[in-house]
Amino acid sequence: MLPSVYAFAAQKVKPEFILISVAGWSIFLFGLIFETVADYQKTKFRQNPENKDKFITTGLWSLSQHPNYFGEIVLWYGLLIAVIPYFQSITNVLFALCPTLTALQIIYLSGVPMLRKAGLEKWGNNAEYMRYVNSTSSIIPCFGGKQKKN
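How each quantity is defined
- Residues numbered from 1 in each chain as written.
- Predicted model: local features only at pLDDT ≥ 70, side-chain atom pairs only at ≥ 80, totals over all residues.
- Heavy atoms only, no water.
- Helix = DSSP H or I, 4+ residues; strand = E, 2+ residues; numbered from the N terminus.
- Buried < 20%, exposed > 50% of the residue type's maximum accessible area, 1.4 Å probe, protein only.
- Contact = heavy atoms within 4.5 Å.
- Phe/Tyr/Trp six-rings, centres within 6.5 Å; stacked < 30°, edge-to-face > 60°.
- Axes fitted to C-alpha atoms, helices over the stretch in contact; angles between N-to-C directions.
- Parallel < 35°, antiparallel > 145°, perpendicular 65-115°, else oblique.
- Salt bridge = Lys/Arg side-chain N within 4 Å of Asp/Glu carboxyl O.

Asks: Help me understand the overall build of the protein chain, please; the structure alone is not making it clear to me.
Replies: Across its full length, the protein chain holds 6 helices and 0 strands. Helices (α) and strands (β) of the protein chain occur, in sequence order from the N terminus, as α-α-α-α-α-α. Within the protein chain, the proportion of its 150 residues that are buried is 35%. For the protein chain, the proportion of contacts with a sequence separation of at least 24, taken over those separated by at least 6, is 74%.

Now the structure itself:
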């Protein structure tokens, strides 16, 4: 949120940097739509009584175990990129900490680890769930499953 407050408080932007801002807002919009679609898909999945006690593996959830988190991380970096033209000193680069700290929190502290633990407690003995976890990217959507390591 801090980068957006700064952008609206800034006075001028160099016209040659407007495309950077447009690109940032486009990335923001992509992330927002991605997160919204993922949340909508999960909500619809959970509303179906046939899916009680099941985990979602369809739609964006077939490409990532946490597509909503991917969208959230992307939108925050998009916002950062959108305000880069408004930066007036090198210290403004510190605003990059905002989306970076958010991403680190989601990936390593609050989001993914807590859901992974809860998922393993609930479905850890389910072979289909373990196959999903082992073959689907955690955050970044990946067509065809996780990349094989050589």
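Asks: Sorry, what's going on with the environment of Tyr129 here?
Replies: Residue position: Tyr129 is located in helix H6 (residues 127-135). Sequence separation between Tyr129 and Gly119 is 10 residues, and the spatial gap between their C-alpha atoms is 8.6 Å.

Asks: Explain the packing of aromatic side chains to me, please; I cannot follow it from the model alone.
Replies: Remark: the centre distance and the inter-plane angle together describe each pair of aromatic rings, the angle taken between the planes. Enumeration according to the criterion identifies 7 aromatic pairs in this entry. Ring centres of Phe30 and Phe34 lie 5.6 Å apart, and the angle between their planes is 45°; on these two criteria the pair is classed as tilted. Here Phe34 and Phe30 lie together in helix H2 (residues 18-47), a separation of 4 residues that amounts to about one turn. With a relative accessible area of 43%, Phe30 lands in the partly exposed category. A ring pair is formed by Phe34 and Phe70, whose centres lie 5.1 Å apart and whose planes are at 75°; its orientation type is edge-to-face. Of this pair, Phe34 sits in helix H2 while Phe70 is found in helix H3 (residues 67-83), placing the two residues 36 residues apart along the sequence. Across the pair, Phe70 and Phe34 agree in class, each one buried.

Asks: So what exactly am I meant to see when it comes to the packing of H3 against helix H4 (residues 97-109) here?
Replies: Put simply, H3 and H4 touch, their axes get as near as 9 Å, and they point 170° apart. Viewed along their axes, H3 and H4 adopt a mutual orientation that is roughly antiparallel. Along its contact with H3, which presents Tyr69, Glu72, Ile73, Trp76, Tyr77 and Leu80, the element H4 presents Pro99, Thr100, Thr102, Ala103, Ile106 and Ile107.

Asks: Is there a simple way to explain the pattern of salt bridges in this structure?
Replies: Should the charged atoms of two oppositely charged side chains come close, the side chains can pair. Considering all chains together, one arrives at 1 salt bridge under this definition. Residues Asp53 and Lys122 are paired through a salt bridge, measuring 3.6 Å at the closest nitrogen-oxygen approach. Taken together, the positions of Asp53 in the loop between H2 and H3 and Lys122 in helix H5 (residues 112-123) put the pair 69 residues apart, joining distant regions of the chain. Given a relative accessible area of 49%, Lys122 falls into the partly exposed group.

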